[in-house]
2 protein chains.
Amino acid sequence: MPQWVHSFNLGQADRAVAPENRSAKVLGGKGASLARMSGLGLPVPPGFTIVTDACAHVLAKGGRFPRGLEAEVKAALARLEKTAGARFGGAKRPLLLSVRSGAAVSMPGMMDTVLNLGLNDQTVLGLAADSGDAEFAFGCYRRFIAMYATVVLGVPEEDFADCPPDAARAHLDAVARATGHAFPQDPWEQLWGAIRAVFLSWLNPRARAYRALHGLAEEGGTAVTVQAMVFGNRDARSATGVAHTRDPMTGENRLGGEYLPRAQGEELVAGRSTPLPLTGDERTLEKAMPAAFRALKRAAATLEAEYGQMQEIEFTIERGKLFLLQTRATKPSAAAAIRIAVELAQSHTITRAAAIVSIEPRSLERLLHPRLDPAARRDRLGRGLPAAPGAASGAIVFTAAEAMARAEAGERVLLVRAETSPEDIRGMHAAEGILTTRGGMTSHAAVVARGMGRPCIVGAGELAVDAAKGQLTARGRVFAAGSVLTLDGASGEVFAGSVATIEPELSPELATLLGWADAARRLKVRVNAETPEEVARARRFGAEGIGLARSEQMTRDPASLLALRRMILATGPEGRRQALRDLLPLQRAAFKRLFLAAAGWPVTVRLFDAPLHEFLPQGEAATRAFIAESGADATIVAERLAHLAETNPMLGHRGCRLGITYPEIYEAQARALLEAALDAEADSGARVAPEIMIPLAATGREVELVRSMIDGVAAAVASERGKQPAYSLGCMIELQRAALCAGELARAAAFFSFGTNDLTQTSWGLSRDDAAPLLQEYERRGVIAADPFVAFDRDGVGELMALATARGRVARPELLLGICGEHGGDPDAIAFCEQLKLDYVSCSPFRVLIARLAAAQAGIKSQPQTETRAGRAAPRRRSAAPTRKRPQAAKARARARRRPSA
Amino acid sequence: MPQWVHSFNLGQADRAVAPENRSAKVLGGKGASLARMSGLGLPVPPGFTIVTDACAHVLAKGGRFPRGLEAEVKAALARLEKTAGARFGGAKRPLLLSVRSGAAVSMPGMMDTVLNLGLNDQTVLGLAADSGDAEFAFGCYRRFIAMYATVVLGVPEEDFADCPPDAARAHLDAVARATGHAFPQDPWEQLWGAIRAVFLSWLNPRARAYRALHGLAEEGGTAVTVQAMVFGNRDARSATGVAHTRDPMTGENRLGGEYLPRAQGEELVAGRSTPLPLTGDERTLEKAMPAAFRALKRAAATLEAEYGQMQEIEFTIERGKLFLLQTRATKPSAAAAIRIAVELAQSHTITRAAAIVSIEPRSLERLLHPRLDPAARRDRLGRGLPAAPGAASGAIVFTAAEAMARAEAGERVLLVRAETSPEDIRGMHAAEGILTTRGGMTSHAAVVARGMGRPCIVGAGELAVDAAKGQLTARGRVFAAGSVLTLDGASGEVFAGSVATIEPELSPELATLLGWADAARRLKVRVNAETPEEVARARRFGAEGIGLARSEQMTRDPASLLALRRMILATGPEGRRQALRDLLPLQRAAFKRLFLAAAGWPVTVRLFDAPLHEFLPQGEAATRAFIAESGADATIVAERLAHLAETNPMLGHRGCRLGITYPEIYEAQARALLEAALDAEADSGARVAPEIMIPLAATGREVELVRSMIDGVAAAVASERGKQPAYSLGCMIELQRAALCAGELARAAAFFSFGTNDLTQTSWGLSRDDAAPLLQEYERRGVIAADPFVAFDRDGVGELMALATARGRVARPELLLGICGEHGGDPDAIAFCEQLKLDYVSCSPFRVLIARLAAAQAGIKSQPQTETRAGRAAPRRRSAAPTRKRPQAAKARARARRRPSA
């Protein structure tokens, strides 16, 4: 038979709570913390907890208590009476109880509590006699009646509106009127009623809504904790309060919090009186009740050391004596959390590994971007997907050209589009933030904005853009170009007008933590970057290489874009070659700038990838402008545009398919790349050996074909320059077929880089351009837990990566393996990459910090045993840095990189 | 040291050719057939063959002969002199030789031959004396000089133009003039020159072009066969000819062929004289040379029994004596091949299994459709992809409406479109054939046309359609609507005007062969069909169930299409429900018709799958017509059309995503299905239990959700009708994620059906709508061997199927497994399905015959040993029918099907 009841602080009885039963899952958060505090010898009012399983039983059996519960409660209460030296229902020194709920995961204020239970017409007299304070006793009685009536008997609060606030009798009469029965005088009837009511409160609408909102399971139920009452309102030496072991905004190691003298906890929560500070200048607890304060400070230190996290502690002081009612870890701000973790590790309260693991990697993102001042007023217009963090205010514009023009004139602008295309890039760069009404988390706007570090909201379908009219419509309000809006890229919210922001600063504690993280990780962290500015930023953030430079993104300048368009719209190889000849010096210069900026780093450059028509003028006006600028034939342009149109461009003529069907494109790119590498090497004196990456290969033959093309160009460059350019050649794994046939591909490729965006698209058969509304609907309906373009899909995409990794390594043991899709900065994906023992992850500059931390966490968690508290548990390994696996493969790779083409 | 030379018919010497060396790979096709005929004791002129490896050696070493070759040739020639009783270069009875090439795979007429070798100014006199015919001898000499000069010495044929045809001296002078050297008189010099010339002819441009065209390897080389000459032109009792063991057009078992009296083989090939028939009414070989004819007939029977295939035999008769020069299997017409195979099996020459295996399954397709009369004249306009077989002539029309109107008026029409959409279906049905200028082998036009059995050519990019003008342009010629064209769906060719066709008839031999095939296969064959007509046709073709009824294809009638469009364009669930209420009786009736037509069969119905916008009016005119017809609001229609537009519809909001986000659609379909099943059951008295199939699932959760929807509808129908409808529920596996997570899906699904079209699309990241030009280019460049939408991709798609099958069976051992994509009728895919031990394949009606044969071949080939010739080899099993694997799983499945929902 299960044990339904666990007692605490009843002499030696608390020892009965075995450590495995001290969990929040069994006892609820409150019950577990009481059991643990009691075990530490801290002053908690004695009591017992009925386990969460009993709740599940009661709910399943239509309110019936499980067999054995009654007997266990009676036995526990008997022990409690003994410990407290008071009798439940006793006429003299009556034992009064609090009955509180406590779920495994805290749901503050959502479920029910009954205080002062055990009072009736007789025992109130005993309390009055015992306390020597009749007013106090009858006040307690009156509060108990009202609380019990509303919580257990379902009497509406309004029914007490006419009662004089201090008349217990009037309250009893109101209950009788409302229920048709006298208020229960039997303390045991009161107790069972309260216990049942707490169980049933699990199902109340508030609690259900809270669970739905926070993604908590409906199963589980609440525990019930029954405790001897302590009274913060007993006299002037009594008080109630909440203490934080550290400052929750800054993390400073200073006991803080607030208290109310002569009050019960509920008054503090209700906020009707202004609480006083625990420490500081005047009317502090430190000065008012110095002994209790010292006890609290000692308890706080003990608890922080026990839990290894900042704690929030509820306490009551009765007649100068401190009682702890609950402790729990709190969620300080991201900056504070880091400071706390670092200081706890520095004081050897926790290990460095535990400090690393304690920080949610995604929270670092919040430290890098300005954010809305929480105190500022807001006029909310709607919400989209939070695609890139940070907050930005500015005048809205509907075209990239206007964004550039206004920005040049010194104005702060937000670029608002239905969706963006590569044509918009300079406009996006000029803007403070980007808002689109279509697209998902990996749409063009989202990816580019994250790369640039621009706040961005995408897929804000509640808003409508009419670019022709130059209007944004939201909730019936119309905003013309130039209207000022504010975007919160962290929440996805759009506000009218300007909302004040707070600028961030990277703290020394973060640098310390990331230094530890670097020592603890095996995975290298690279960056997806194309410009020297991005590279410089990524270097500051601690990146160790470029994992993805999208060569097609290096043609943003007008001259390159024009040449590129002439190339695409050429009707034959000769026209393409002429345009490519014009493009060559521009590309070479861009590559050289990149190599110089990334000196000392491995640099992976991906060959031209995008579908050609993505680079074409969009719409009639842009087409006319192009024709005027390029002198092209309008009919030919129209024909080529029609020819290049595809029903499903994502499944179209792109990636290496372009380079194979139009070999002159890749030949020109390879020449620009290799010449730039030699030039950069000559300028810097440092070795430059680009990793040239082939996009969208589905077969080994494609990789071989491109390899022979590039080897040919390299031979030509070598004979012209008198020096052999160094490079290696690999491919993206972004098609399911490539993953399954990885062995075939690895025979031709020196490295693989997983393109998880495309793998997700084709695994799910979902276009990232169109999927947002469907995925939102699917999340709402519980079909999927999360958007697979955001949350890494281990079962589908991960499975493919595992297959590809295994098959690739069989064919080529020294294969270099990385990831460069959006998930390269996703902590869960990074953990998975660690499981697969990939060599590196690559992500946008602003996610480099996240990746460093996540890689360290993954490394630590992959160890056989993780130490969390300094000095606890027998550690198998002292250092947090895991041993490097596959050292021979690493050596083979190093050898391979010394060869010009591996 | 390798053996370079193998002799044949030299007394017992032919025994020296070990069976493993009698292969075409070693001896070339000709040499191998001579060795084998010699081994059978048939009359072949004695000789020897130099192996193909010697050719490779000579080509690799710049023309030098390998060590040992010379000695072996000399030894073989010495034995040949002994056998022939004549001496090489002898003044009396000189031995004359033929030197012929012979590659492993026959390349008719591509390489060189020298006859009458060994003649010179002396030996010609010996031949004259020996034959008693000086004119014959000098004629031989003259022919030898001309042949040797052109083949070995590189003298142009024109150089002999001025020579009197019968003057050997003039030929010798011409050679001396052309080469500056006297014609070689030494027979050994002649022989080595001829051997080297034959080897080198492997590299001549004709031969290289032939190999490129036929996909033959450049490696391999040719063998050289040196044989004693026999002379069909020696006297009136001499002749040369070619015999077929059967009639190559009909397969009738009757020796046929033709011959030329008093002639050499080259004259027959050159076609300058009219040959005479071997058998028949007059001037036949049978009557002219009855003894030789009888010998030939016996030899033909022996050879057919030996090879188990129809043979084409080259022969020469010298002075009444028959000599066989070569035998090879020939490629009779598809109909003939079947008749021959069946008769060979019936006469116990080969086993039934061998007869089944001998027929190329795809060849059956040619028997089902009218085809162009090979004798008819053609005016070719261009070529597209041969999407559906058969030939059709008719007046071209550019709209479905015109196709229907003209067809109603009794005209034969061809529907010509850039591409087709579901709106065109009735027009396609009305047309004799379909031609599109865009799309690939699995485009809408191609799939629908194959299902309907309409000849179809797609992606004919050389032709241009201007539907607005009503014009088709091809090679500068313009064809208006009403112009008559002809389509050859088997070759993809388009012709101007009408080309005569031949109507097919299924032969009794085919029925016999397919009966044997049915006994030999384990895989069931189902059909993809939606109409009673298609079901009836498929039943005639031997289908055993419906593997795929596309419910969205059952809304072709105008009333259904209108209701469907109202449903799609509705702005909320109520509007959708109203439209679905109108659609319900139409759907129910269509389902009922299908169930009645398919009585006794398992029937898989797929729930609504297509992207919604595919069913919308396309273009402005159609939209206006819909608005007029439906009374819909034009603004709302425009809004909905814009809302439903997707950048990549193939990766869009379709399949079960529709049914989950608009549950009313699947609920209405399930109701129509289950009510129809009960109605059909009541009408027919036979049990009807549809297999309801969910399209495009990526997760188990989707399957569960749809299952609970359908179970709910079934419960409602059961309570209304007082009878529980029987059904089972399964899903398509057409997404990579579904394949990898098959275990999860199988827990909710009773069956899987592989949708290889979509699997191919997403595996390769290639849209079938756009891919044709790229894939053609890829084939041309040798990147891929074949279009993966046509030729099953074992490495990619097959690998996924294998994973899904294994994982699905672990989760549910009784899982029913089939394939219903385009590859369901592809022999290679069917062989793969047999390897995976799937339960059935499903294909379009016209591919059912192919599937039956291919399934039988796969079953036979999966047996440990295949018997090919009756009575040969120790057979492990007498019956061609393989044993059924997994009998327990089959029983479990049968049990599962008896339950209403498995």
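Undergrad: How should I be thinking about the interface of chain B and chain A in this particular structure?
TA: Interface size is often expressed as the accessible area that is lost when the parts come together. Counting residues at the interface gives 48 residues for chain B, matched by 48 residues for chain A. When chain B packs against chain A, close to 4,100 Å² is buried across both sides, 54% of that on carbon and sulfur atoms. By the criterion of area lost to chain A, the three top residues of chain B are Asn648, Leu651 and Arg737 of chain B, representing 15% of everything that side buries. One salt bridge in this structure joins Arg807 of chain A and Glu799 of chain B, with 2.6 Å as the shortest N-O distance.

Undergrad: Looking at this model, I keep getting lost on the pairing of strand 17 (residues 413–417) of chain A. Mind explaining?
TA: Regular strands place side chains that alternate from one sheet face to the opposite one. Residues and elements named next belong to chain A. Along strand 17, four of the five residues are buried, which leaves the element largely enclosed by surrounding structure. Strand direction decides the pairing type here: strand 16 (residues 391–397) and strand 17, joined by three bridges, are parallel. Looking across to strand 17, one finds that Ile396 is bridged to Leu414. A crossover links strand 16 with its parallel partner strand 17, the connecting element being helix 14 (residues 400–408), and its sense is right-handed.

Undergrad: Before we go on, may I ask you to explain the packing of helix 19 (residues 558–569) of chain A against helix 20 (residues 573–597) of chain A in this structure?
TA: Angle between the axes and distance between the axes: these two values describe a pair of packed helices. Residue and element names in this part refer to chain A. Direction vectors running N to C along helix 19 and helix 20 enclose 160°, while the axes themselves pass 8 Å from each other. Here helix 19 lies roughly antiparallel to helix 20, going by the angle between them. Remark: the crossing between helix 19 and helix 20 carries left-handed chirality. Facing helix 19, whose interface residues are Ala559, Ser560, Ala563, Leu564, Arg566 and Met567, helix 20 presents Arg576, Gln578, Ala579, Leu580, Asp582, Leu583 and Leu586. Of the residues belonging to the contact of helix 19 with helix 20, the class tally is eight nonpolar, two polar and three charged.

Undergrad: Could you clarify how one ought to interpret the nonpolar core in this entry?
TA: In terms of nonpolar packing, the biggest core is built from 287 residues, with Met801 of chain A together with Met801 of chain B touching the most fellow members. Grouped together as the second largest cluster of nonpolar side chains are 64 residues, Leu115, Tyr141, Ala168 and Val198 of chain B included.

Undergrad: Is there a simple way to think about the packing of aromatic side chains in this case?
TA: In the structure shown here, the tally under the stated rule is 20 aromatic pairs over all chains. Summarising the aromatic geometry, the rings of Tyr148 of chain A and Phe183 of chain A are spaced 5.5 Å apart at their centres and angled 70° between planes, so their arrangement reads as edge-to-face. Separated by 35 residues along the polypeptide, Tyr148 of chain A in helix 5 (residues 134–151) and Phe183 of chain A in the loop between helix 6 (168–179) and helix 7 (187–200) bring together distant segments of the chain. As far as burial versus exposure is concerned, Tyr148 of chain A and Phe183 of chain A are alike and both buried. Ring geometry for Phe792 of chain A against Phe832 of chain A: centres 5.4 Å apart, planes inclined by 45°, an arrangement best described as tilted. Placement of the pair is Phe792 of chain A in the loop between helix 29 (771–780) and helix 30 (794–811) and Phe832 of chain A in helix 31 (residues 827–835), with a sequence separation of 40 residues. Its relative accessible area of 7% is what places Phe792 of chain A among the buried residues. Judged by relative accessible area, which is 9%, Phe832 of chain A ranks as buried. An aromatic cluster is built from Phe65, Phe88, Trp188, Trp192 and Phe199 of chain A, whose rings are joined through pairwise contacts. Stacked on the ring of Tyr840 of chain B, the Lys or Arg Arg526 of chain B has its end atom at 3.9 Å from the ring centre.

Undergrad: How should the sheet that holds strand 29 (residues 691–694) of chain A be read in this particular structure?
TA: Each strand in a sheet pairs with another by means of backbone hydrogen bonds, the pair being arranged parallel or else antiparallel. Residues and elements named next belong to chain A. One closed barrel accounts for eight strands, arranged 26-27-28-29-30-31-32-33; its pairing is parallel. This sheet shows a mean twist of 25° between the axes of neighbouring strands, independent of strand direction. Sheet topology note: the strand 32 (residues 816–819)/strand 33 (residues 840–843) ladder contains two bridges and is parallel. Paired with Gly818 across the strands is Tyr840, a residue of strand 33. Each of strand 27 (546–550) and strand 28 (603–606) is contacted by helix 20, which is oriented at about 155° to strand 28, the strand it contacts most.

Undergrad: Whenever I open this one, the pattern of salt bridges confuses me. Can you help?
TA: Pairing is possible between side chains of opposite charge, provided their charged atoms come close. Residue and element names in this part refer to chain B. Under the counting rule described, the total for this entry stands at 109 salt bridges over all chains. Between Arg707 and Asp711 there is a salt bridge, and its shortest N-O distance comes to 3.9 Å. In this pair, Arg707 and Asp711 both sit in helix 25 (residues 700–721), four residues apart, roughly one turn of the helix. Relative accessible area serves as the criterion here: at 16%, Arg707 is assigned to the buried category.

Undergrad: Explanation requested: the side chain of His6 of chain A in the structure shown.
TA: For His6 of chain A, the location among the structural elements is in strand 1 (residues 5–8). In terms of polar contacts, His6 of chain A uses its side chain to reach the side chain of Gln3 of chain A, at 3.4 Å.

Undergrad: Which parts of the structure should I look at to understand helix 1 (residues 24–39) of chain B?
TA: Residues and elements named next belong to chain B. Helix length check: helix 1, at 16 residues, gives a terminal C-alpha distance of 15 Å against a target of 22 Å (1.5 Å per residue), a shortfall beyond 12%. If you look at helix 1, its biggest bend is around 85°, right at Lys30. Every buried residue of helix 1 is listed here: Leu27, Gly28, Lys30, Gly31, Ala32, Ser33, Leu34, Ala35, Met37 and Ser38. Residue Gly41 follows helix 1 closely and has a positive phi angle near 80°.

Undergrad: Help me understand the packing of helix 17 (residues 508–520) of chain A against helix 32 (residues 848–861) of chain A in this model?
TA: All names here are of chain A. Interaxial distance between helix 17 and helix 32 falls to 8 Å at its minimum, and their mutual angle equals 50°. On the basis of the axis angle, helix 17 is oblique to helix 32. The handedness of the crossing between helix 17 and helix 32 is left-handed. Where helix 17 abuts helix 32, its residues Leu510, Leu513, Leu514, Gly515, Ala517, Asp518 and Ala520 lie against Leu849, Arg852, Leu853, Ala856, Gly859 and Ile860. Its residues assigned to classes, the contact of helix 17 with helix 32 shows nine nonpolar, two polar and two charged.

Calculation notes
- Residues numbered from 1 in each chain as written.
- Chains lettered and ligands numbered in written order.
- Predicted model: local features only at pLDDT ≥ 70, side-chain atom pairs only at ≥ 80, totals over all residues.
- Heavy atoms only, no water.
- Contact = heavy atoms within 4.5 Å.
- Buried area = accessible area lost by both parts, 1.4 Å probe.
- Salt bridge = Lys/Arg side-chain N within 4 Å of Asp/Glu carboxyl O.
- Buried < 20%, exposed > 50% of the residue type's maximum accessible area, 1.4 Å probe, protein only.
- Helix = DSSP H or I, 4+ residues; strand = E, 2+ residues; numbered from the N terminus.
- Pairing = 2+ DSSP bridges.
- Right-handed = clockwise from strand over helix to strand, strands pointing away.
- Axes fitted to C-alpha atoms, helices over the stretch in contact; angles between N-to-C directions.
- Parallel < 35°, antiparallel > 145°, perpendicular 65-115°, else oblique.
- Left-handed = near helix turned anticlockwise from the far one by under 90°.
- Nonpolar A, V, L, I, M, F, W, Y, C, P; charged D, E, K, R; others polar.
- Core = buried A, V, L, I, M, F, W, Y, C linked by side-chain atoms within 4.5 Å.
- Phe/Tyr/Trp six-rings, centres within 6.5 Å; stacked < 30°, edge-to-face > 60°.
- Lys NZ or Arg CZ within 6 Å of the ring centre and 35° of its normal.
- Polar contact = N/O pair within 3.5 Å; in protein donor to acceptor, adjacent residues only side chain to side chain.
- Expected span 1.5 Å × (residues − 1).
- Bend = angle between axes of the 7 residues up to and from the residue.

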